[in-house]
Amino acid sequence: MNKPKKVAILTAGGLAPCLSSAIAGLIDRYTEIDPSIEIICYRSGYKGLLLGDSFVVDSEMRKKAKVLYGYGGSPIGNSRVKLTNVKDCVKRGLVKEGEEPQKVAADRLVKDGVDVLHTIGGDDTNTAAADLAKFLKENNYNLTVIGLPKTIDNDVYPIKQSLGAWTAAEEGAKFFMNVVSESTANPRMLIIHEVMGRNCGYLTAATAAKYRQMLDAREFADGLGVSKAKRDVSAVYIPELPLDIKSEASRLKKIMDDNDCVNIFISEGAGVETIVAEMEAKGEEVPRDAFGHVKLDAVNPGKWFGKQFAEMIGAEKVLVQKSGYFARAAASNPDDLRLIKSCTDLAVECALRGEGGVIGHDEDKNCVLRAIEFERIKGGKPFDTKREWFVKMLKEIGQI
């Protein structure tokens, strides 16, 4: 393949603390290597691609790209669009009746003169990119698709560490460092910290571990009521681990009696199957998105768990707090910035040689950083509950 003349960037799916920095990394690297390569960005992800809504990254924008490293969110906008969900694309006015979204997207890329498309997103975004890459190849479109793995859930096969997950855990820990003080506002307070994570408990586990690490660095005054025990994590519930509510309630009641408060970290996906079954049994409609995922904010697992535990442990008040939007919209921390830089640099190298795939440390190939074949990318990777740091934490808090 000849050197690309024009590359395009889009971000899609939910936010993560890496999107802004990844865009900056790509712009910076292309500018360093060959500023003659034109860069465009599609607004609002695949929606912008289907509608042909894009803008050129001009010389002034390139000079200012470094500013993006200090911000969260996506400066070019996100959306949740599944190119293979024709009905949804038609309903939303992204394509006309009878049109095939993948072909509309491919034709738009050709019309815009794009040689390389960089997608920055999670498993849904990259599986959509995989579908698009396959369609392009099968229909003889001469175009390279290169993905960057963004998900705070860190649940994409076979990628060791997704961009933004470290930052999200740190930000969630900061969030709870303030929320935990609410236990002093009422006696026998049950605080539930609901952390994002549909099917994977990585972020909940990592957030709890990071929070406890921050707690270890603080000074306490037990006699004055500022004790580590009152602020520590009482339980961590994630989708990968079974939960015996009655047994846990007995354990947590003792913690409540001793400390006058209980602090639970829970993945938003924990218990969803039970909640959905209850809703369906009552004849209630279960809200779902374009990908068929249950809309967790509507189901509200944290509230459900609070209701289950409150009476059994004698809580006088239940407070459910969600750190997701706080954590996922943060700017990248130093650890993520280093990871992002290595990934964006390799993404540009791959673009120059026409090599498609998703950039990440390949767990099946000795964790080498490479362009992983699209057909090997899939979501739903569970958190490894046997990780030493996780087992140690559960033992320390008395959960196992």
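Our subject is the structure listed above.
All figures in this text were calculated on a predicted structure; none of them were measured in a lab.

Enquirer: Just checking my understanding: could you explain helix α8 (residues 202–216) for this structure?
Expert: Side chains of residues three or four places apart in an α-helix project in the same direction, reflecting 3.6 residues per turn. The terminal C-alpha atoms of α8, which comprises 15 residues, lie 21 Å apart, in line with the 21 Å expected from a rise of 1.5 Å per residue. The complete set of buried residues in α8 reads Y202, L203, T204, A205, A206, T207, A208, Y211, R212 and L215. The inward-facing, buried residues of α8 contact α7 (165–179), β6 (189–195), α9 (228–231), β7 (235–237), β8 (261–267) and α16 (388–396).

Enquirer: Explain the packing of aromatic side chains here, please?
Expert: The relative placement of two aromatic rings is captured by the distance of their centres and the angle of their planes. Scanning the model with the defined rule gives 13 aromatic pairs in all. Taking 5.6 Å as the distance between ring centres and 50 degrees as the angle between the ring planes, the aromatic pair formed by F175 and F326 counts as tilted. In this pair, F175 is assigned in helix α7 and F326 in helix α14 (residues 324–328), connecting sequence segments 151 residues apart. Judged by its relative accessible area of 16%, F175 is buried. Residue F326 is classed as partly exposed on the basis of its relative accessible area of 42%. When the centroid spacing of 6.4 Å and the interplanar angle of 25 degrees are considered together, the rings of F305 and F309 count as stacked. Of this pair, F305 and F309 both sit in helix α13 (residues 301–313), four residues apart, which is roughly one turn of that helix. In this structure, F305 and F309 share a single accessibility class: buried. These aromatic residues form a ring-pair network of at least three members: Y202, F383, W389 and F390.

Enquirer: Looking at this structure, how should I read the pairing of β6?
Expert: For a regular strand, side-chain orientation follows a simple rule: the groups alternate between the two sheet faces. Most of β6 is tucked away, with seven of its seven residues classed as buried. Residue alternation in β6 divides its side chains into two sets, M189, I191, H193 and V195 and L190, I192 and E194, and both sets are buried. Bridge analysis of β6 against β8 gives seven bridges, and the strand direction is parallel. Each residue of the ladder has a partner; that of H193, found in β8, is F265. As judged from the six bridges shared by β6 and strand β9 (residues 317–322), these two strands associate in the parallel manner. Within the sheet, the bridge partner assigned to L190 lies in β9 and is V318.

Enquirer: For this particular structure, what's the right way to read the environment of L224?
Expert: On the secondary structure map, L224 appears in the loop between α8 and α9. Spatially, the C-alpha atoms of L224 and F374 are 57 Å apart, while their sequence positions differ by 150 residues.

Enquirer: Looking at this structure, I do not really get the sheet that holds strand β10 (residues 357–362). What am I missing?
Expert: Strand pairs in the sheet, formed through backbone hydrogen bonds, run parallel or antiparallel to each other. With mixed pairing, the seven strands of this open sheet are ordered in space as β3-β2-β1-β4-β5-β10-β11. Here the strands that pair on one side only, and so sit at the sheet edges, are β3 (54–56) and β11 (368–372). When the angles between neighbouring strand axes are averaged without regard to direction, this sheet yields 25 degrees. In terms of strand pairing, strand β1 (residues 6–11) meets strand β4 (residues 116–121) through five bridges, oriented parallel. For T11, the partnering residue across the bridge sits in β4 and is I120. Across the sheet, helix α6 (residues 123–138) is in contact with β4, β5 (144–149) and β10; its angle to β4 comes to roughly 160 degrees.

Enquirer: When you look at the state of the cysteines in this model, what are you seeing that I'm missing?
Expert: By definition, a disulfide is the covalent link that joins the sulfur atoms of two cysteine residues. Across all of its chains, the model carries zero disulfides by this definition. Not part of a disulfide, C343 finds its nearest cysteine sulfur in C18, a span of 9.6 Å. Residue classification places C343 among the buried positions, given a relative accessible area of 2%. Take C350: it sits in no disulfide, and the sulfur closest to it among the cysteines is that of C343, at 10 Å.

Enquirer: Please clarify how the packing of helix α5 (residues 101–111) against α6 should be interpreted in this entry.
Expert: Pairs of packed helices are described in terms of their axes, by the angle between the two and the distance that separates them. Where α5 meets α6, the axes come as close as 10 Å, and the angle between the chain directions of the two elements is 70 degrees. Classified by the interaxial angle, the pair formed by α5 and α6 is roughly perpendicular. Where α5 abuts α6, its residues Q102, K103, A105, A106 and L109 lie against D131, L132, F135 and L136. Broken down by class, the residue content of the contact of α5 with α6 amounts to six nonpolar, one polar and two charged.

Enquirer: Sorry if this is basic, but what is going on with the pairing of strand β2 (residues 38–42) here?
Expert: Among the five residues that make up β2, four are buried, leaving the element largely enclosed by the rest of the structure. In terms of strand pairing, β1 meets β2 through four bridges, oriented parallel. Bridging from a neighbouring strand, A8 pairs with I40 of β2. As a crossover connection, the stretch from β1 through helix α1 (residues 19–33) into β2 is right-handed. Sheet topology note: the β2/β3 ladder contains three bridges and is antiparallel. Bridge pairing in β3 places C41 opposite F55.

What counts, and where the lines are drawn
Residues numbered from 1 in each chain as written. Predicted model: local features only at pLDDT ≥ 70, side-chain atom pairs only at ≥ 80, totals over all residues. Heavy atoms only, no water. Helix = DSSP H or I, 4+ residues; strand = E, 2+ residues; numbered from the N terminus. Expected span 1.5 Å × (residues − 1). Buried < 20%, exposed > 50% of the residue type's maximum accessible area, 1.4 Å probe, protein only. Contact = heavy atoms within 4.5 Å. Phe/Tyr/Trp six-rings, centres within 6.5 Å; stacked < 30°, edge-to-face > 60°. Pairing = 2+ DSSP bridges. Axes fitted to C-alpha atoms, helices over the stretch in contact; angles between N-to-C directions. Disulfide = S-S within 2.5 Å. Parallel < 35°, antiparallel > 145°, perpendicular 65-115°, else oblique. Nonpolar A, V, L, I, M, F, W, Y, C, P; charged D, E, K, R; others polar. Right-handed = clockwise from strand over helix to strand, strands pointing away.

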